[in-house]
Amino acid sequence: MTSRAEPSLSGRWWWSIDRLILSTLVALMVSGVVLLMAGSPPVAERLGLSTFHFVNRQAVYLLAALAVFLATSLLTPRQVRRAALICYVVSLAAVIGTLYFGVEVKGAKRWLTLGPLGSIQPSEFLKPAFVVMAAWAFAEGGRRPDLPGTIIAFLLLPLTIVPLVMQPDFGQTVLVTLVWAGLFFVAGLHWFWVMGLGGLGAFGLLVAYQLVPHVRARIERFMDKGSGDTFQIDTALESFAQGGWLGKGPGEGTVKRILPDAHTDFIFAVTAEEFGVVVCIALVALFAVIVLRALFVAQRAEDPFARLAVTGLALLFGIQAAINMMVNLHMMPAKGMTLPFISYGGSSLISLALGTGFLLALTRKRPRAEALGEMGR
């Protein structure tokens, strides 16, 4: 057992890390591999791949994600800001690059092909970096009146979401905007601006409904099942009905064999069919523990940057999970968004490891003198 007096980096890390968040995140990662073994084989068979093709690939991605997760959790707040700045610039350039060199899938250009390394979705890496950058700007705006931090935070939002809209990727756009609005509110800005931004967001949604056919189709299918093809969501709901409270058992699901995207967007429905609503509730509890614990730690933080960044990263994690589960339950229009650490996907998994690594780094216990020194930098 590592001693509290141990001067090594690993010793300091172990005794300063928030072990409740750490253990819950590890539980989610392990659960993801187990649940993917239930949801991915039918998809692999439909595509003519080996039965555990996606499971094996996810295991490789998970090793890379763990390396990123541990490395970022060792950073100081100052190093988190620098890493986020580099990640933001590179990811934003890559997102813009998808508009010219990206692979088009279902009418959207969101992926870049890197030869033998496969494809990446740059927008996934943009999200945690954007949250840290926005938190930094809001914090500096409140701490130093001579620095236009709030203006920079305002400029960061359109700089980030305009390339996402052009891809188009309205799901990520909505997610980023919601988190930014949460940071705006926590930063203590006036309710007048909060209401104004809410109205602007509603206007943007109306414009998207009027001008973007697939956005209109998804909203209309959500409001009226008779307005279009609802096979995907109907099948997902059937999975919940078939599974009941305790599920059919591992490998016994049948609805998953015809459910599109059973290994990604709709893995929550597969979980319900095979393991039951009880396990789904347990998953929700794991997500809730991470978010609530992070918000509790953020509330006690003296450093405005740490408080805002932890809040934003917790919101990013929680809202993404909520959107995925709500879509599975037909509580909001369909949107392709992964369930954190559960759905298949290398870009999603590694970007989540980056974001939660930042979260752990910023929630680590530090001596008061060190924390105050970070605030002054």
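Everything here concerns the structure above.
Values in this document were obtained by computation on a predicted structure and should not be read as measured data.

A.B. asks: Explanation requested: helix α10 (residues 231-243) in the structure shown.
C.D. replies: Helical geometry: 3.6 residues make up each α-helical turn, so side chains three or four residues apart lie on a common side. Its 13 residues give α10 an end-to-end C-alpha distance of 18 Å, which sits within 8% of 18 Å, the value for a rise of 1.5 Å per residue. Every buried residue of α10 is listed here: I233, T235, A236, S239, F240 and G243. Along α10, the residues classed as buried sweep out an arc of 160° about the axis, all on the same side. Packing partners of the buried residues in α10 comprise α11 (267-300) and α12 (304-328). Following α10 by one or two positions, G244 has its phi on the positive side, about 65°.

A.B. asks: Could you clarify how one ought to interpret the pattern of salt bridges in this entry?
C.D. replies: A side chain with one charge can pair with a side chain of the opposite charge if their charged atoms come near. Using the criterion set out here, one finds five salt bridges in the structure. Ionic pairing is found between D18 and R293, a salt bridge with its closest N-O pair at 2.8 Å. One end of the pair, D18, is in the loop between α1 (9-16) and α2 (19-46); the other, R293, is in helix α11, and 275 residues separate them in sequence. Residue class for R293 comes out partly exposed when judged on its relative accessible area of 23%. Taking the shortest distance from any N to any O, the salt bridge between E274 and K256 comes out at 2.4 Å. Residue E274 is located in helix α11, and its partner K256 is located in the loop between α10 and α11; the two are separated by 18 residues in the primary sequence. For the residue pair E274 and K256, the accessibility class agrees, reading buried in each case.

A.B. asks: What is the right way to look at unusual backbone geometry in this model?
C.D. replies: Trans is the common state for peptide bonds, and a negative phi is the common state for residues other than glycine. The residue after Q167, namely P168, is reached through a cis peptide bond having omega -10°. With respect to the element layout, P168 can be found in the loop between α6 (149-166) and α7 (170-186). Positioned with a positive phi, H330 is a non-glycine residue whose angle comes to about 60°. Of note, H330 is situated in the loop between α12 and α13 (346-363). Accessibility expressed as a relative area gives 21% for H330, which makes it partly exposed. We note that F341 has phi near 65°; this positive angle belongs to a residue other than glycine. By relative accessible area, F341 is classed as buried at 3%.

A.B. asks: Looking at this structure, I do not really get the sheet that holds strand β1 (residues 103-105). What am I missing?
C.D. replies: Note on sheets: strands pair through backbone hydrogen bonds, and any given pair is parallel or antiparallel. With respect to topology, three strands assemble into an open sheet ordered β1-β2-β3, the strand pairing being antiparallel. Both outer strands of the open sheet, β1 and β3 (119-120), are each paired with one neighbouring strand and no more. Sheet topology note: the strand β2 (residues 108-113)/β3 ladder contains two bridges and is antiparallel. Bridge assignment links L112 to a residue of β3, and that residue is I120.

A.B. asks: So what exactly am I meant to see when it comes to the packing of aromatic side chains here?
C.D. replies: The description of an aromatic ring pair rests on the distance of the ring centres and on the angle between the ring planes. Across all of its chains, the model carries twelve aromatic pairs by this definition. Arranged with centres 6.0 Å apart and planes meeting at 90°, the rings of F138 and F184 form a pair that is edge-to-face. Within this pair, whereas F138 is found in helix α5 (residues 122-143), its partner F184 is found in helix α7, the two being separated by 46 residues in sequence. For F138, a relative accessible area of 4% gives the class buried. Put simply, the rings of F138, F154, W180 and F184 touch in pairs and so form one group of aromatic residues. Residue placement shows R19 over the ring face of W14; its charged tip is 4.9 Å from the ring centre. Positioned above the aromatic ring of F305 is the side chain of R81, whose terminal nitrogen or guanidinium carbon lies 4.9 Å from the ring centre.

Analysis parameters
Residues numbered from 1 in each chain as written. Predicted model: local features only at pLDDT ≥ 70, side-chain atom pairs only at ≥ 80, totals over all residues. Heavy atoms only, no water. Helix = DSSP H or I, 4+ residues; strand = E, 2+ residues; numbered from the N terminus. Expected span 1.5 Å × (residues − 1). Buried < 20%, exposed > 50% of the residue type's maximum accessible area, 1.4 Å probe, protein only. Arc of directions from axis to C-beta. Contact = heavy atoms within 4.5 Å. Salt bridge = Lys/Arg side-chain N within 4 Å of Asp/Glu carboxyl O. Pairing = 2+ DSSP bridges. Phe/Tyr/Trp six-rings, centres within 6.5 Å; stacked < 30°, edge-to-face > 60°. Lys NZ or Arg CZ within 6 Å of the ring centre and 35° of its normal.

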